[in-house]
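Listed below are the residues making up each chain.
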Protein chains: 2
Amino acid sequence: MSRLRLGVMGGTFDPIHNGHLVAASEVAASLRLDEVLFVPTGQPWQKAGVTPTSDRYLMAEIATAANPRFKVSTVDIDRAGPTYTVDTLRDLAARFPTADLFFITGADAVTSIAGWKDASDLWGLAKFVAVTRPGHALDLPEAPEGAIQVIEIPALAISSTDIRKRVAEGKPIWYLVPDGIVQFIAKHGLYGSKSESVGPESESFGGVK
Amino acid sequence: MSRLRLGVMGGTFDPIHNGHLVAASEVAASLRLDEVLFVPTGQPWQKAGVTPTSDRYLMAEIATAANPRFKVSTVDIDRAGPTYTVDTLRDLAARFPTADLFFITGADAVTSIAGWKDASDLWGLAKFVAVTRPGHALDLPEAPEGAIQVIEIPALAISSTDIRKRVAEGKPIWYLVPDGIVQFIAKHGLYGSKSESVGPESESFGGVK
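Since the model is a prediction, treat every value here as computed from it, not as a measurement.

**Some words on the side chain of Thr105(B)**
Residues and elements named next belong to chain B. Among the structural elements, Thr 105 can be located in strand β4 (residues 99-106). A relative accessible area of 10% means that Thr 105 is categorised as buried. Those residues in contact with Thr 105, other than ones at most four positions away along the chain, are Val 110, Val 129, Ala 130 and Val 131.

Structure follows, in structure tokens:
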């Protein structure tokens, strides 16, 4: 029996957006992964003022609900303290002992991998997949041969930071995030959104019902 | 009574994708448009081998169906011969005599506006809105004051050409186009897609049901 090929996509997901989903979809197709686990961070490392874990977790569930190969894992939420990748991978390796793990991360993040907690243990736990935009040069860190693969994904330069800023400024985020996430953000008033701007009676532009 | 502010988004839409939808949403919010009309070209100007008009029209309807302020117009499909913007705008001006028209186009296209058919008539028919990526410099053509507005949209560098290429290569297009468009392309075998790769029994990755 062949081993399960399991993608692992960690992130703050504040909020999850179409760029995350395109990257997961592309890596999964390219590396023939069986599933991709989205793993929202617990208390994010070096990030203050983050949206409650429960909201970030639910948005990940909503955004991935329609895709049978996308799942959400709470291993980082269930663990106390800040999230380190090595802990994520150790927990998932224990939970999925017959799986090969593929940790999907941004090209920028992977360049700093030598500074991550227990860096030398990382290579034995997973293969690393650095996603980058086409034509974007990448300085790979020193790593065992084959430990890091680079995959080019369509240039979807969406960022969670930009999404939060757009919401705070009253700008639309339709088509940058799944429809369910637009609605979740408005319903729960996240990122300074005005909750009265949602609902069937709304006069606001772009009110996808 | 104030005049209807009507966005006009012409294009081949082969296929329509999230980049088109984000641009329309952003321009509409920024300029407080009442509606945006998506206008698929009939026989495209200088483009051969294009997907049948009926498919491109239906994809535009499907992609905009959930947004109450997005509509599709067949003026360019109903008119015989190649599509010129001046004809689109004359037809729409006749159909919506109390509307102010805002023609939304790419920043690259607008630079060549002087070469368009009956170019000098264009300024009286509509305001022109050039959408561009943040930080992307733009050489505006000579035009009456206020005739062209530039609006920066989030950097969604999706192109229909790339979507067609991805489909032909068997790569996923989920989250680059609305879910209904993924399904329409597979169902009708557009762009060389394999129709057996869709449906609930599918084993292909990313089969959003």
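That shown, we press on.
**What to know about the packing of helix α2 (residues 53-64) of chain B against helix α8 (residues 179-187) of chain B**
Residue and element names in this part refer to chain B. Between α2 and α8, whose axes approach to 9 Å, the crossing angle comes to 155°. As the angle between them shows, α2 and α8 are arranged roughly antiparallel. Crossing of α2 over α8 shows right-handed handedness. Judged by residue contacts, Asp 55, Leu 58, Met 59, Ile 62 and Ala 63 of α2 engage Gly 180, Ile 181, Phe 184 and Ile 185 from α8. A class-by-class count of the residues in the contact of α2 with α8 yields seven nonpolar, one polar and one charged.

**A few points about the sheet that holds strand β1 (residues 4-11) of chain B**
Residue and element names in this part refer to chain B. Strands sit in the order β3-β2-β1-β4-β5-β6 across an open sheet of six strands; the sheet is parallel. This sheet does not close on itself; its edge strands, each paired only once, are β3 (70-72) and β6 (148-152). Averaged over all neighbouring strand pairs, the angle between strand axes comes to 30°, with direction disregarded. The sheet contact formed by β1 and strand β2 (residues 35-40) spans six bridges and is parallel. Among the inter-strand pairings, Gly 10 is bridged to a residue of β2, identified as Val 39. Each of β1, β2, β3, β4, β5 (127-132) and β6 touches helix α1 (residues 18-31); the most contacted strand, β6, lies at about 115° to it.

**A look at the confidence of the model for chain A**
Residues and elements named next belong to chain A. A residue-level look at chain A finds 89% of positions with pLDDT of 70 or above and a mean pLDDT of 87. The low-confidence segment residues 196-209 (pLDDT under 50) makes 31 contacts with residues lying over four places distant or belonging to another chain. What the predictor reports for the complex is a pTM of 0.85 with an ipTM of 0.81.

**Considerations on the nonpolar core**
Counting residues in each nonpolar core, the largest one holds 76 residues, and the members touching the most others are Ile16(A), Val36(A), Phe38(A), Ile16(B), Val36(B) and Phe38(B). Not counting chain neighbours up to four residues away, the residues in contact with Val36(B) comprise Gly7(B), Met9(B), Ala24(B), Ala28(B), Arg69(B), Phe70(B), Lys71(B) and Ile104(B). The next biggest cluster of nonpolar side chains, apart from the first, holds 21 residues, and it includes Leu6(A), Leu89(A), Leu92(A) and Ala119(A).

**Brief notes about the domain arrangement of chain A**
Residue and element names in this part refer to chain A. Along its sequence, chain A is organised into domain 1 (4-156) and domain 2 (159-209). Listed by partner, the interface residues are 13 residues for domain 1 and 14 residues for domain 2. Counting each side, the surface lost to burial between domain 1 and domain 2 is near 1100 Å², with a carbon and sulfur contribution of 66%. In this structure, the connection of domain 1 to domain 2 is made through zero salt bridges. Along the contact surface separating domain 1 from domain 2 lie five residue pairs in polar contact (both at pLDDT 80 or more). Of all the secondary structure elements, the ones that give two or more residues to the side of domain 1 that touches domain 2 are α1 (18-31) and α2 (53-64). Considering each element in turn, the side of domain 1 that touches domain 2 owes the most residues, five residues, to α2.

**Overview of α1(B)**
Residue and element names in this part refer to chain B. Taking 1.5 Å per residue as the helical rise, α1 with its 14 residues ought to reach 20 Å, and the 20 Å between its terminal C-alpha atoms agrees with that figure. In terms of burial, α1 is largely enclosed, as 12 of its 14 residues are buried. Turning to α1, its buried residues number three or more, namely Asn 18, Gly 19, His 20, Leu 21, Val 22, Ala 23, Ala 24, Ser 25, Glu 26, Val 27, Ala 28 and Leu 31. Positive phi appears at Arg 32, one or two residues downstream of α1, with a value of about 50°.

**Description of the pattern of salt bridges**
Residue and element names in this part refer to chain B. Under the criterion given, the structure shown has 21 salt bridges over all chains. Here Asp 100 ties to Arg 3 by a salt bridge, and the two come within 2.9 Å at their closest N and O atoms. You can see Asp 100 sitting in strand β4 and its partner Arg 3 sitting in the segment before β1, a full 97 residues away along the chain. Overall, Asp 100 belongs to the partly exposed group, its relative accessible area being 30%. The partner of Asp 121 in a salt bridge is Arg 90, with the nearest N and O atoms 2.7 Å apart. Here the residue Asp 121 occupies a position in helix α6 (residues 119-125), and Arg 90 occupies one in helix α4 (residues 85-95), the gap between them amounting to 31 residues.

**Brief notes about the packing of aromatic side chains**
Two aromatic rings are characterised by how far apart their centres lie and by the angle between their planes. Summed over the entire model, instances satisfying the criterion amount to 14 aromatic pairs over all chains. Plain terms: the ring middles of Phe103(A) and Phe128(A) are 5.6 Å apart, the flat faces sit at 55° to each other, and that makes the pair tilted. Of this pair, Phe103(A) sits in strand β4 (residues 99-106) while Phe128(A) sits in strand β5 (residues 127-132), and the two are 25 residues apart along the sequence. Relative to Phe128(A), the ring of Trp123(A) lies with its centre 5.5 Å away and its plane at 75°, an arrangement referred to as edge-to-face. You can call Trp123(A) partly exposed: its relative accessible area is 23%. One aromatic cluster in this structure is built from Phe13(A), Phe38(A), Phe70(A) and Tyr175(B).

**Overview of the sheet that holds strand β6 (residues 148-152) of chain A**
What links the strands of a sheet is backbone hydrogen bonding, and the strands pair in either a parallel or an antiparallel sense. All names here are of chain A. Taking strand neighbours across the sheet as the criterion, the six strands line up as β3-β2-β1-β4-β5-β6 in an open arrangement whose pairing is parallel. A strand with exactly one partner marks an edge of an open sheet, and here the two such strands are β3 (70-72) and β6. The sheet shows a mean angle of 30° between the axes of neighbouring strands, direction not considered. Relative to β6, β5 runs parallel, the two being bridged by five bridges. Its bridge partner lying in β6, Val 131 is registered against Ile 151. The strands that α2 touches are β2 (35-40) and β3; relative to β3, the one it contacts most, it runs at about 165°. Running over the sheet, helix α4 (residues 85-95) touches β1 (4-11), β2, β4 and β5 and is turned about 155° from β4.

Rules used throughout
- Residues numbered from 1 in each chain as written.
- Chains lettered and ligands numbered in written order.
- Predicted model: local features only at pLDDT ≥ 70, side-chain atom pairs only at ≥ 80, totals over all residues.
- Heavy atoms only, no water.
- Helix = DSSP H or I, 4+ residues; strand = E, 2+ residues; numbered from the N terminus.
- Buried < 20%, exposed > 50% of the residue type's maximum accessible area, 1.4 Å probe, protein only.
- Contact = heavy atoms within 4.5 Å.
- Axes fitted to C-alpha atoms, helices over the stretch in contact; angles between N-to-C directions.
- Parallel < 35°, antiparallel > 145°, perpendicular 65-115°, else oblique.
- Left-handed = near helix turned anticlockwise from the far one by under 90°.
- Nonpolar A, V, L, I, M, F, W, Y, C, P; charged D, E, K, R; others polar.
- Pairing = 2+ DSSP bridges.
- pLDDT = per-residue confidence, 0-100.
- Core = buried A, V, L, I, M, F, W, Y, C linked by side-chain atoms within 4.5 Å.
- Domains from an automatic or database assignment.
- Buried area = accessible area lost by both parts, 1.4 Å probe.
- Salt bridge = Lys/Arg side-chain N within 4 Å of Asp/Glu carboxyl O.
- Polar contact = N/O pair within 3.5 Å; in protein donor to acceptor, adjacent residues only side chain to side chain.
- Expected span 1.5 Å × (residues − 1).
- Phe/Tyr/Trp six-rings, centres within 6.5 Å; stacked < 30°, edge-to-face > 60°.

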